[in-house]
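Residue-level structure breakdown
Read off the chains here:
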Amino acid sequence: MEDIEEEENGEEEVLGSSLTMEKVAAAKQFIENHYRAQMKNIQDRKERRWVLERKLASSDVPKEEQINLIKDLERKETEFIRLKRHKICVDDFELLTIIGRGAFGEVRLCREKKSGNIYAMKKLKKSEMLKRGQVEHVRAERNLLAEVASHCIVKLYYSFQDAEDLYLIMEYLPGGDMMTLLMREDTLTENVARFYIAQSVLAIESIHKHNYIHRDIKPDNLLLDKKGHMKLSDFGLCKPLDCSALSVIPENKTIDDENMTEPMDIDGSIPDADNKSNWKSPHEQLQHWQMNRRKLAFSTVGTPDYIAPEVLLKKGYGMECDWWSLGAIMYEMLVGYPPFYSDDPITTCRKIVHWRNHLRFPEDARLSPEAKDLICRLLCDVDHRLGTGGAHQIKAHPWFKDILWDKLYEMEAAFKPEVNGELDTQNFMKFDEMDPPPARTGSGPSRKMLLTPKDLSFVGYTYKNFDAVKGLHSFDLKGSMSPKRPSIDSIFSGSGADYPTKRPGEETEVQMLASSGDPMLP
Ligand SMILES: Nc1ncnc2c1ncn2[C@@H]1O[C@H](COP(=O)(O)OP(=O)(O)OP(=O)(O)O)[C@@H](O)[C@H]1O
């Protein structure tokens, strides 16, 4: 009896000490994050001042106006410090229509109560993240969005958490996603496809430049703004299927060697995995794909259709895997369904792994030879894949002959979505309110609730973007100035330049700090 008690006490001690260790580690991270964040704030502030002074120096703004603009910036900085001190929580937003649902949570339109600004709020269940080992992925998403300021990437304004959920407050892109557009249009013309594939090239290039790999690029993650320009979203929450077992099947064997079906016929008809004697025509394939598409998008495993073979095989992979995904999306845009589509995800994985036996173009798809060539040069092994040596290889492909890469985000988009007002959600599917709206708990989570081992996993999630102060206190520069005078906002967001700008040769601390962020502990 005594022995059992002693043993139990021992176990409790071990549990207690591991919890203490966890708390010590979290406290250490908190302190480190705090000081790094302080340093970063000072650096960023200096940088903003430097950018403004540089831009003013090369402009014809009169001296007096220049002084006023610098004062405006300082006032905005003060506002930003105030914003940073404010503990932001879900109660700061009015929750509106649900516009998306994923494996880990939902995305909805929301209005910031103080500023009236409209945003998209992505809410992710912490318990689901922990259960599925997605903590690192969610951190990667938050870090990438906070770090990569580019017009090709959906913009993050805030991130925060409460006891149950993580929140990302992003710009709202009302044009809908590429999946919805493709379902509506069946196929795109080569011109429209070229425009969006070219914008995707720029988006992928911009994340690669920051050493991130997306791994899960698919039409659901390509969002359109109100003008029809495309931005990449959903970073890090990839849901790879474990297909490592498929690697034991030799490459030269076809799916039928595996008692599956015959490989695709040259006319493009495709074997049906469920009914092995049935062959689907490209038209049937398209209908089938469209019927299943949404189901796949909302399922917990997601669709593997765009994932590169090396990712599925867990062989070790690099940035090239994102160019494969682009090839699969381009195929879908021009053919109507993705190249390795099958009724069940495992068969799709098999087809991807054995892509040589399954990549075919239906005759009636009528792609230009250049388009076919580009697809084949993206859907191939890593050593031969275009983009492996850098995005410039893809940009130089003849299919992009007439593309003006530097002007892509300034020119009129190839497709203009219908958007009536900032609250318009017509380009999104309708979702039911399944869960009741989150309980209103006053000014946010309590200290006790946050100090659970669960929450220690998410230390450092909070983020506030300097641009978020734009809407606060409606800092109206334009009204009070001569029409020629530029506003601070226009100076910073001018001609698509990434912000904050790095001084040549100067390594900003952003990369180093990306994994820390602002501390979020009580
Ligand atoms: N900033 C945004 N503006 C408009 N719509 C958005 C935005 N972010 C996401 N959505 C919509 O919500 C959908 C789901 O978003 P997202 O893919 O980021 O969520 P997720 O939970 O990570 O999904 P997944 O299961 O694909 O990982 C998108 O396909 C898109 O339709």
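Residues numbered from 1 in each chain as written. Predicted model: local features only at pLDDT ≥ 70, side-chain atom pairs only at ≥ 80, totals over all residues. Heavy atoms only, no water.

The subject of this paragraph is the confidence of the model for the chain. Averaged over all residues, the pLDDT of the chain equals 74, while 69% of them reach at least 70. In the model, residues 237-243 has pLDDT below 50 throughout and makes 30 contacts with residues more than four positions away in sequence or in other chains. Within the model, pLDDT remains below 50 along residues 471-486, and this stretch shows 25 contacts once partners closer than five positions in the same chain are excluded. In the predicted assembly, ipTM is 0.96 and pTM is 0.70. (pLDDT = per-residue confidence, 0-100. Contact = heavy atoms within 4.5 Å.)

Moving on: the pattern of salt bridges. Evaluation of the coordinates by the stated rule reveals 15 salt bridges. In this structure, Arg111 and Glu94 form a salt bridge, with 3.4 Å as the shortest nitrogen-oxygen distance. You can see Arg111 sitting in strand E2 (residues 105-112) and its partner Glu94 sitting in strand E1 (residues 93-101), a full 17 residues away along the chain. Between Arg108 and Glu106 there is a salt bridge, with the nearest N and O atoms lying 3.1 Å from each other. Each member of the pair, Arg108 as well as Glu106, carries the same accessibility label: buried. Counted as one network, the salt bridges with shared partners bring together Arg45, Arg49, Glu53 and Glu74. (Salt bridge = Lys/Arg side-chain N within 4 Å of Asp/Glu carboxyl O. Helix = DSSP H or I, 4+ residues; strand = E, 2+ residues; numbered from the N terminus. Buried < 20%, exposed > 50% of the residue type's maximum accessible area, 1.4 Å probe, protein only.)

Right, let's talk about the pairing of E2 for a bit. Two elements, E1 and E2, share six bridges in a ladder whose sense is antiparallel. Among the inter-strand pairings, Glu94 is bridged to a residue of E2, identified as Arg111. The pairing of E2 with strand E3 (residues 118-125) spans seven bridges and is antiparallel. By the bridge assignment for E3, Arg111 is matched with Ile118. Where E2 folds back on E3, the antiparallel hairpin that results is connected by five residues, among which Gly116 adopts a positive phi of roughly 80 degrees. (Pairing = 2+ DSSP bridges.)

On to the nonpolar core, then. One finds Met178, Tyr196, Met333, Trp399 and Phe400 to be the most contacted residues of the largest nonpolar core, which totals 80 residues. Apart from residues no more than four positions distant in its own chain, Tyr196 is found in contact with Met178, Leu224, Gly228, Met230, Met333, Ala413, Ala414 and Phe415. In terms of nonpolar packing, the next biggest core, distinct from the first, is built from 21 residues, Ile70, Leu73, Ile88 and Phe93 among them. (Core = buried A, V, L, I, M, F, W, Y, C linked by side-chain atoms within 4.5 Å.)

Bringing the packing of aromatic side chains into the picture now. Under the definition given, this model contains 13 aromatic pairs. Note on Trp324 and Trp355: the rings are 6.3 Å apart at their centroids and 70 degrees apart in plane angle, and the pair reads as edge-to-face. Placement of Trp324 in helix H9 (residues 320-335) and of Trp355 in helix H11 (residues 355-358) is noted, with a sequence separation of 31 residues between them. For Trp324, a relative accessible area of 0% translates into the label buried. (Phe/Tyr/Trp six-rings, centres within 6.5 Å; stacked < 30°, edge-to-face > 60°.)

Quick look at helix H12 (residues 369-378) now. Taken together, the buried positions of H12 are occupied by Ala371, Leu374, Ile375 and Leu378. Buried positions in H12, seen along its axis, are confined to an arc of 100 degrees and lie on one side of it. Lining the buried residues of H12 we find helix H6 (190-209), H9 and helix H13 (391-395). (Arc of directions from axis to C-beta.)

Interhelical geometry of H9 versus H12 gives an angle of 145 degrees and a closest axis separation of 8 Å. As for the relative orientation of H9 and H12, their crossing is left-handed in sense. Between H9, through Trp323, Trp324, Leu326, Gly327, Met330, Tyr331 and Leu334, and H12, the contact on the second element is made entirely by Ala371, Leu374, Ile375 and Leu378. Tallied by class, residues from the contact of H9 with H12 come to ten nonpolar, one polar and no charged. (Axes fitted to C-alpha atoms, helices over the stretch in contact; angles between N-to-C directions. Left-handed = near helix turned anticlockwise from the far one by under 90°. Nonpolar A, V, L, I, M, F, W, Y, C, P; charged D, E, K, R; others polar.)

Next up on the list: the environment of Met230. On the secondary structure map, Met230 appears in strand E7 (residues 230-232). For Met230, a relative accessible area of 0% gives the class buried. Excluding its chain neighbours within four sequence positions, the residues that come into contact with Met230 are Cys152, Tyr196, Gln199, Ser200, Ala203, Leu222, Leu223, Leu224 and Tyr409.

Let's shift gears to the state of the cysteines. Applying the stated criterion to the full structure yields zero disulfides. Just so you know, Cys376 is unpaired, no disulfide at all, and the nearest cysteine sulfur is the one on Cys380, 8.4 Å from it. Taking the relative accessible area as the measure of exposure, Cys376 reaches 33% and is therefore partly exposed. (Disulfide = S-S within 2.5 Å.)

Counted residue by residue, strand E5 (residues 165-170) has six buried out of six residues, so it is predominantly covered. What you see with E5 is no split at all: Asp165, Tyr167 and Ile169 on one side and Leu166, Leu168 and Met170 on the other are buried throughout. Where E3 and E5 come together, six bridges link them in antiparallel fashion. For Lys125, the partnering residue across the bridge sits in E5 and is Asp165. As paired strands, strand E4 (residues 156-161) and E5 are joined by five bridges and run antiparallel to one another.

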